[in-house]
Amino acid sequence: MPQMFKTWQTKSAKDVSFVTLITFISGVFLWLIYGIYLQSLPIILANAITLIFNLIILWLKIKYR
């Protein structure tokens, strides 16, 4: 969340690596799928929130190129 706010306030995403961000988003998405498979609410909620915040960072990274 702090990274998202910093990117939004400075309107610069140069501190965020695109490859690392895509890799992290992929891993969080897979954990979300795993949580859904297990029907584990804590895993689902934690990874859904993390995925949303990181998708926002990805959008800001693309927007502020």
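1. Examining the side chain of Lys-61
Argument step 1. Mapped onto the fold, Lys-61 is located in helix 3 (residues 41-63).
Argument step 2. A residue is classified by how much of its surface remains accessible, and Lys-61, at 14% relative accessible area, is buried.
Argument step 3. Other than its neighbours up to four places away in sequence, Lys-61 contacts Ala-13, Lys-14, Val-16 and Phe-18.

2. Considerations on the packing of helix 2 (residues 18-38) against helix 3
Argument step 1. The N-to-C vectors of helix 2 and helix 3 enclose an angle of 155°; their axes lie 9 Å apart at closest approach. Classed by the angle they form, the pair helix 2 and helix 3 counts as roughly antiparallel. Crossing of helix 2 against helix 3: the hand is left-handed. Residues Phe-18, Leu-21, Ile-22, Phe-24, Ile-25, Val-28, Phe-29, Trp-31, Leu-32, Gly-35, Ile-36 and Leu-38 of helix 2 form the contact with helix 3, whose own contacting residues are Ile-43, Ile-44, Asn-47, Ala-48, Thr-50, Leu-51, Asn-54, Leu-55, Ile-57, Leu-58, Lys-61 and Ile-62.

Rules used throughout
In this numbering scheme, every chain counts its residues from 1 along its sequence in written order. At least 70 in pLDDT is required for a residue's local features to be given in this predicted model, at least 80 for side-chain atom pairs to be given and counted, and no such filter applies to totals for whole chains, interfaces and linings, which use all residues. Only hydrogens and water are set aside when side-chain values are computed; all heavy atoms of the structure are taken into account. To qualify as a helix, a DSSP run of H or I must reach at least 4 residues; to qualify as a strand, a run of E must reach at least 2; elements of each kind are numbered from the N terminus. Each residue gets one of three labels from its accessible area relative to the maximum for its type: buried under 20%, exposed over 50%, partly exposed in between, using a 1.4 Å probe on protein chains only. Only heavy atoms matter for contacts: two residues are in contact if any of them lie within 4.5 Å across the pair. Here, axes are lines fitted to C-alpha atoms. For helices the fit covers the stretch in contact, and angles between N-to-C directions go from 0 to 180 degrees. Working rule for angles: under 35 degrees goes down as roughly parallel, over 145 as roughly antiparallel, 65 to 115 as roughly perpendicular, anything else as oblique. Here a crossing is taken to be left-handed if its near helix is turned anticlockwise relative to the far helix by less than a right angle, and right-handed if that turn runs clockwise.

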